[in-house]
Amino acid sequence: MLNRENIEDLLTRNGHVIGSDGEKIGGIGQLYADDDTGEPTWVTAKTGLFGTSQSFVPVEGARTEGDDLVVPYTKEHVKDAPRVEVDGHLTPEEEDRLYTHYNREVRSYADTRHDVDLQGDADLNAGTPTAGLGRTDGHDTSGPNTDDAMTRSEEQLHVGTERQTTGRARLRKYVTTENVTTTVPVQREEVRLEREPITDANRGAALSGPDLSEEEHEVTLHEERPVVEKETVPVERVRLEKDVVQDDVTISDDIRKERIEADGLEDDRRL
């Protein structure tokens with residue numbers, strides 16, 4: 001069975017309220033306890049943006065699961081609960097509306113409300129929230145049902161990490177033009193006049209024609225010219241890869257601790 005200490009322990013560990021459907025409803029906000037018994041009756045779940053809105057959920061039927069509080073209601077059921085200001089007090093009418101929403105038996109305030117005149121406080125309504133570490137300020141808790149020990153609590157700093165998007169990278173391919181210069185050897189034919197004397201070997205060819213005549217002889221010249229062709233060929237493949245880089249980040253925050261002082265002793269003692 002859940003008691004005040006169980007839920008207050010979840011508060012110090014920044015636990016969450018989980019619905020019966022397994023959905024996270026929100027962080028545990030405040031604990032509301034019964035003025036008569038001191039037992040927890042309501043817990044709030046931070047459901048708005050950045051926890052700005054809180055929904056009341058009955059503690060009855062809830063159970064702990066690690067650092068979380070699992071309640072027997074779905075996330076939608078809790079989010080549809082009547083809106084009640086988290087102002088440090090629940091009026092009887094507000095608590096009646098909450099009990100009706102959760103199909104719980106409405107309490108009879110004629111039996112539970114009473115006047116108290118111990119420290120000047122009067123008309124303490126059921127449903128007063130506990131402070132951050134579970135103290136009821138201005139109320140003497142010593143009595144026949146308390147033991148001789150006082151519980152000292154403190155906040156602990158739990159630091160984790162969350163994954164978030166910081167940027168995007170993409171590959172983009174585009175076409176550029178650059179000038180390429182290369183040297184290609186080419187050949188060409190040129191005319192050279194060559195004379196040879198009349199010998200016995202060429203005399204017959206030299207005397208085969210008429211003695212005197214006019215004639216022409218033509219020679220065709222050739223040369224090489226550069227020919228340019230372009231061919232598209234693959235040269236490499238490029239892809240994006242991600243590397244994980246480890247950095248150290250220093251976190252600093254303030255935490256609260258309860259101190260216990262002993263009065264009436266010969267020497268001052270403080271824990």
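Residues numbered from 1 in each chain as written. Predicted model: local features only at pLDDT ≥ 70, side-chain atom pairs only at ≥ 80, totals over all residues. Heavy atoms only, no water.

1. Some points on the packing of aromatic side chains
Considering all chains together, one arrives at four aromatic pairs under this definition. Seen in terms of ring centroids, tyrosine 32 and phenylalanine 56 are 5.0 Å apart; in terms of plane orientation they differ by 70°. Their pairing is edge-to-face. Placement of tyrosine 32 in strand E2 (residues 24–33) and of phenylalanine 56 in strand E4 (residues 54–58) is noted, with a sequence separation of 24 residues between them. The class of tyrosine 32 is buried, set by a relative accessible area of 0%. Residue phenylalanine 56 is classed as buried on the basis of its relative accessible area, which comes to 1%. Through successive ring pairs, a cluster of aromatic residues spans Trp42, Tyr73, Tyr99 and Tyr102. (Phe/Tyr/Trp six-rings, centres within 6.5 Å; stacked < 30°, edge-to-face > 60°. Helix = DSSP H or I, 4+ residues; strand = E, 2+ residues; numbered from the N terminus. Buried < 20%, exposed > 50% of the residue type's maximum accessible area, 1.4 Å probe, protein only.)

2. With respect to unusual backbone geometry
Leave glycine aside and you will find that most residues have negative phi; peptide bonds, for their part, are mostly trans. The phi dihedral of asparagine 14 is positive, around 55°, even though this residue is not glycine. Inspection of the secondary structure assignment puts asparagine 14 in the loop between helix H1 (4–12) and strand E1 (16–18). On the basis of relative accessibility, which here comes to 52%, the residue asparagine 14 falls in the exposed class. In this structure, asparagine 103 is a non-glycine residue whose phi angle is positive, near 55°. With respect to the helices and strands, the residue asparagine 103 is situated in the loop between helix H3 (92–101) and helix H4 (109–112).

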